Amino acid sequence: MIEIEDLSFGFKENQRVLDSVNVSIDSGEFVAVVGGNGSGKSTFVRHLNGLLLPDEGMVRVRGMDTRTISNLTDIRRKIGMVFQNPLTQFVGATVEEDVAFGLENLACPSSVIRNKTDSSLSDLGISHLAGKSPLELSGGQMQLAALAGVLVLEPECVIFDEVTSMLDPFSKQQVLSTIARLHEKGKTIIMVTHNLEEVHLAERVIAFEKGRVVYDGKSSLFFDSPAVSNPGISIPPLTELALWLQENGLKEIDVSNPDVNTLEESIWQLKSRN
Ligand SMILES: Nc1ncnc2c1ncn2[C@@H]1O[C@H](COP(=O)(O)OP(=O)(O)OP(=O)(O)O)[C@@H](O)[C@H]1O
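How each quantity is defined
Residues numbered from 1 in each chain as written. Predicted model: local features only at pLDDT ≥ 70, side-chain atom pairs only at ≥ 80, totals over all residues. UniProt positions renumbered as here; feature names shortened; annotations may be inferred. Domains from an automatic or database assignment. Contact = placed C-beta atoms within 7 Å. Nonpolar A, V, L, I, M, F, W, Y, C, P; charged D, E, K, R; others polar. Near = placed C-beta within 6 Å. Buried ≥ 20, exposed ≤ 12 C-beta atoms within 10 Å, placed from the backbone. Helix = DSSP H or I, 4+ residues; strand = E, 2+ residues; numbered from the N terminus. Pairing = 2+ DSSP bridges. Right-handed = clockwise from strand over helix to strand, strands pointing away. Core = buried A, V, L, I, M, F, W, Y, C linked by C-beta atoms within 7 Å. Axes fitted to C-alpha atoms, helices over the stretch in contact; angles between N-to-C directions. Parallel < 35°, antiparallel > 145°, perpendicular 65-115°, else oblique. Left-handed = near helix turned anticlockwise from the far one by under 90°.

Under an unreviewed UniProt entry, the chain has the name ABC transporter domain-containing protein and belongs to Methanohalophilus portucalensis. Of the comments in the UniProt record for the chain, the one headed Function (unreviewed entry) reads "Probably part of an ABC transporter complex. Responsible for energy coupling to the transport system."

Here it is as structure tokens:
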């Protein structure tokens, strides 16, 4: 669905924020994009819907080159994006008006706008917020309202750029389960995250360091790869414990998605063996 060939980019001359990136993403994939601060993650995903254009190389979405300006409307309908701070995304005075805005821009008939707006809000369980100002919402509600505005346009792929980083644990869980549900329904998901505990939700991980891809593969193998020793990639504590147990004799332990109960059982198992 998305092909990135030899993509290089800098905000200034002689700067390489992205350096010869080659990646291809298929329809229906769930990809986590990770890396330290300033490694190029946001710059990378902003290339996927033409918010930034390559200095060298190319990005194609369903065969459409992002450098061809006339392709951009179609590309942005195929790839929606939700940002860390949703306030930058709202244009309507109420949630409902905001969600309807994209459809109005496409000159849809008002009955279609009404139906699609209602179902986008109800799919995300936020119909009760329709009449509220986006400024009155909690962090999690804001993310879901911004997502409703993206999903109403029925994109094939949704990019989430660090959307959970400012949320409390409950809202974080709510947003993550919504993302997982979208993936189950067949959407292509690209999720930039600092939180490596979220990596197990994805099937594939792309890790960046200094604008280069240092890992591109299964999420289940990521924590065993040399990429995790890169600066800026910190292993979650439970994964670190799982890796330690694995190194100390429990070869069968699943390090990709460890939970407290399984780890406790594994510790007892190891104790009884020694
Ligand atoms: N608009 C901009 N103008 C100039 N430099 C920028 C701009 N946006 C990002 N940069 C620089 O590009 C580099 C990569 O930034 P980017 O936001 O892509 O990194 P990131 O991996 O997403 O980081 P973080 O995890 O901190 O959000 C950084 O050095 C950053 O300072």
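Next, the rest of the story.
Undergrad: Even after reading the chapter, I still don't get the domain arrangement of the chain, so can you show me in this structure?
TA: The extent of an interface is frequently quoted as the accessible surface area lost upon association of the parts. Here the domain parsing of the chain yields domain 1 (2-234) and domain 2 (236-274). Contacts between the two partners involve 7 residues from domain 1 and, on the opposite side, 6 residues from domain 2. In terms of residue class, the side of domain 1 that touches domain 2 is built from 2 nonpolar, 3 polar and 2 charged.

Undergrad: When you look at the site of the ligand in this model, what are you seeing that I'm missing?
TA: Surrounding the ligand, one finds F11, V17, G35, N37, G38, S39, G40, K41, S42, T43 and H194. Considering only residue class, the shell around the ligand consists of 2 nonpolar, 8 polar and 1 charged.

Undergrad: Is there a simple way to think about the pairing of strand β7 (residues 157-161) in this case?
TA: Every other side chain in a regular strand lies on the same face of the sheet, so the side chains alternate between the two faces. With 5 of its 5 residues buried, β7 lies for the most part within the structure. With burial as the criterion, each face of β7 is covered, one bearing C157, I159 and D161 and the other bearing V158 and F160. With 5 bridges joining them, β7 and strand β8 (residues 188-192) adopt parallel strand pairing. Its bridge partner being in β8, I159 is matched across the sheet by I190. Read as a crossover between parallel neighbours, the route from β7 over helix α6 (residues 169-184) to β8 is right-handed.

Undergrad: Explain the nonpolar core here, please?
TA: Generally speaking, soluble globular proteins have nonpolar side chains that are buried together. Formed by 68 residues in total, the largest nonpolar core has its most connected members in V33, A145, A148, I159, I190, M191 and V205. Split by domain, the residues of this core number at least three in each of domain 1 (2-234) and domain 2 (236-274). What V205 contacts, discounting residues up to four positions off in sequence, is A32, V34, V199, Y215, G217, S219 and F222.

Undergrad: I would appreciate a short explanation of helix α3 (residues 95-105) in the present structure.
TA: Of the residues making up α3, those classed as buried are V95, E96, D98, V99, A100, G102 and L103. At the exit of α3 stands A107, carrying a positive phi of roughly 60 degrees.

Undergrad: Hey, could you run me through the environment of M58 in this one?
TA: Among the secondary structure elements, M58 is positioned in strand β4 (residues 56-61). Judged by the 15 C-beta atoms lying within 10 Å of it, M58 is partly exposed. Along the chain, M58 and E3 lie 55 residues apart, while their C-alpha atoms are 8.0 Å from each other. Look past the residues within four positions of M58 in its chain and what remains in contact with it is E5, D65 and R67.

Undergrad: Could you clarify how one ought to interpret the sheet that holds strand β2 (residues 18-25) in this entry?
TA: Working definition: the strands of a sheet are paired by backbone hydrogen bonds and lie parallel or antiparallel to each other. As summarised here, the arrangement of the 4 strands in space is β2-β1-β4-β5, forming an open sheet in which the pairing is antiparallel. Unpaired on one side and paired on the other, β2 and β5 (64-65) mark the two borders of the sheet. Here strand β1 (residues 2-9) runs beside β4; their pairing, made up of 5 bridges, is antiparallel. In the strand pairing of β4, E5 is matched with M58.

Undergrad: Before we go on, may I ask you to explain the packing of α3 against helix α4 (residues 110-123) in this structure?
TA: Helix-helix packing: each pair is described by the crossing angle between the helix axes and the interaxial distance. Between α3 and α4, the least distance of the axes is 9 Å, while the angle of their chain directions is 130 degrees. When the axes of α3 and α4 are compared, the pair comes out oblique. Seen from above, α3 lies across α4 with right-handed handedness. Contact residues: α3 offers E96, V99, A100, L103 and E104, while α4 offers I113, K116, T117, S120 and L121. A class-by-class count of the residues in the contact of α3 with α4 yields 5 nonpolar, 2 polar and 3 charged.

Undergrad: Sorry if this is basic, but what is going on with unusual backbone geometry here?
TA: Leaving glycine aside, a negative phi is the common case for residues, and trans is the common case for peptide bonds. Non-glycine residue A107 carries a positive phi angle of around 60 degrees. Among the structural elements, A107 can be located in the loop between α3 and α4. In this structure A107 comes out as exposed when scored by C-beta crowding, with 7 C-beta atoms within 10 Å. In the Ramachandran plot, K210 falls in the positive-phi region, its phi being about 45 degrees despite a non-glycine side chain. Examined against the element boundaries, K210 turns out to sit in the loop between β9 (204-209) and β10 (212-218). Judged by local crowding, K210 falls into the partly exposed class, with 17 C-beta atoms found within 10 Å.

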